[in-house]
Amino acid sequence: SSSQKILFPYSIMADLKEQGLLHLGVATGVLQTALGLDDTSPIPTPPTLKSTFQFQVANPHNQEPFDFNGQVEVDQLIFGEVDGRATLFVIEGKLNSVPNTIAKTKLAYTSMAIISSGKVPNNVKVVPVYVKAEYKSDDNSFHYYVAQFEMSDKSREGVLELSEFR
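Figured I'd write up the structure that's included with this text. For every chain, the first residue of the written sequence is number 1, and numbering continues from 1 onward in sequence order. Whole-chain, interface and lining totals are the exception, using all residues; otherwise, since this is a predicted model, local features are given only for residues with pLDDT of at least 70 and side-chain atom pairs are given and counted only at 80 or more. Side-chain figures throughout are based on the complete set of non-hydrogen atoms in the structure, without hydrogens or water.

### Details of the pattern of salt bridges
For step 1, the next point in the chain: Each salt bridge in this description consists of a side-chain nitrogen of Lys or Arg and a carboxyl oxygen of Asp or Glu lying within 4 Å of one another. A full pass over the atoms with the stated rule returns 3 salt bridges.
For step 2, the next point in the chain: E92 is paired through a salt bridge with K94; the nearest N and O atoms lie 3.2 Å apart.
For step 3, the next point in the chain: Close ionic contact of K132 with E134 constitutes a salt bridge, the shortest N to O distance being 3.1 Å. This pair shows no difference in class: K132 is buried, exactly as E134 is.
For step 4, the next point in the chain: When salt bridges with common partners are traced through the structure, they connect E92, K94 and K106 into a single cluster. Working definition: with a 1.4 Å probe on protein chains only, accessible area under 20% of the residue-type maximum means buried, over 50% means exposed, and in between means partly exposed.

### As for helix α4 (residues 104-116)
For step 1, the next point in the chain: The end-to-end C-alpha distance of α4, which contains 13 residues, comes to 18 Å, matching closely the 18 Å that a straight helix rising 1.5 Å per residue would cover.
For step 2, the next point in the chain: Taken together, the buried positions of α4 are occupied by L107, A108, Y109, T110, S111, M112, A113, I114 and I115.
For step 3, the next point in the chain: Secondary structure elements are taken from DSSP: a helix is a run of H or I of four residues or more, a strand is a run of E of two residues or more, and numbering for both begins at the N terminus. Looking one or two residues beyond α4, the residue adopting positive phi is G118, at roughly 80°. In this scheme, a helix's expected span is set at 1.5 Å multiplied by one less than its residue total.

### A short note on the packing of aromatic side chains
For step 1, the next point in the chain: Two rings from Phe, Tyr or Trp (for Trp, the six-membered ring) form a pair when their centres are within 6.5 Å of each other. A pair whose planes differ by under 30 degrees is stacked, one over 60 is edge-to-face, and the rest are tilted. As enumerated under the stated definition, the model contains 3 aromatic pairs in all.
For step 2, the next point in the chain: An aromatic cluster is defined as three or more aromatic residues linked by ring pairs; in this entry it consists of F55, F68 and Y109.

### Considerations on the sheet that holds strand β6 (residues 141-148)
For step 1, the next point in the chain: Here 4 strands make up an open sheet; going across it, the order is β3-β4-β5-β6 and the pairing mixed. The sheet is open, and its two borders are formed by β3 (76-82) and β6, each paired with just one other strand. Between one strand axis and the next, the sheet turns by 30° as a mean value, whatever way the strands run.
For step 2, the next point in the chain: Pairing between strands is defined by DSSP: at least two bridges between the two strands are required. Where β3 lies against strand β4 (residues 85-95), 7 bridges are found, and the strand directions are antiparallel. By the bridge assignment, Q76 is partnered in β4 with I91. Lines fitted to the C-alpha atoms define the axes, with helices restricted to the stretch that makes contact. Angles between their N-to-C directions range from 0 to 180 degrees.

### Thoughts on the pairing of β4
For step 1, the next point in the chain: Among the 11 residues in β4, 8 count as buried, and that is most of the element.
For step 2, the next point in the chain: Between β3 and β4, which pair antiparallel one after the other, the connecting turn spans 2 residues, and D83 there sits at a positive phi close to 50°.
For step 3, the next point in the chain: The pairing of β4 with strand β5 (residues 125-136) spans 9 bridges and is parallel. In the sheet register, G93 faces β5, and the bridge partner there is V131.

### Let's talk about the sheet that holds strand β2 (residues 66-74)
For step 1, the next point in the chain: The strand order β2-β1-β7 describes an open sheet built from 3 strands, whose pairing is mixed. Every interior strand has two partners, whereas the edge strands, β2 and β7 (159-160), have only one.
For step 2, the next point in the chain: Examined bridge by bridge, strand β1 (residues 49-57) and β7 share 2 bridges and lie parallel to one another. Its bridge partner being in β7, V57 is matched across the sheet by L160.

### Examining the side chain of T110
For step 1, the next point in the chain: Topologically, T110 is positioned in helix α4.
For step 2, the next point in the chain: We define a polar contact as two N or O atoms separated by no more than 3.5 Å, with the added condition that, inside protein, one atom must be a possible hydrogen donor and the other a possible acceptor, whereas residues neighbouring each other in sequence contribute only through side-chain atom pairs. One polar contact links the side chain of T110 to the main-chain carbonyl oxygen of K106, over a distance of 3.2 Å.

Following this line, the structure appears as structure tokens:
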């Protein structure tokens, strides 16, 4: 459980935004537990990323892949072990989002950007994650809804296959 020292700054924030709720989720260990990490203790504020990336996207209508060259923003990166396996979670977060869905390209492109950076060793599993955080004013509580996805093995070869994104 989290100490009052960690939680107090969040309690005085009048209006927690998306990034603040994601930080609260890791400060309390809620996200670590939801992701199935072997160690669910609170962690320091995870990094975010906003940069330009290049990678290829498989085109289902043509044999030639589409070359993506653009800006990608990653809301949060969490690294840990799941059942002893090194895993990097690439998180896209939304606060009280409507509609209740998110385009899979948003999740896939952020994960592919991380993979294409060349900085993630092959033994580290990359997992795209969608986190929806909601504040419930009726009982003054926060709720986190977490969905994990999988990418095809071709992503490690530099080609994103959206049809294989599940």
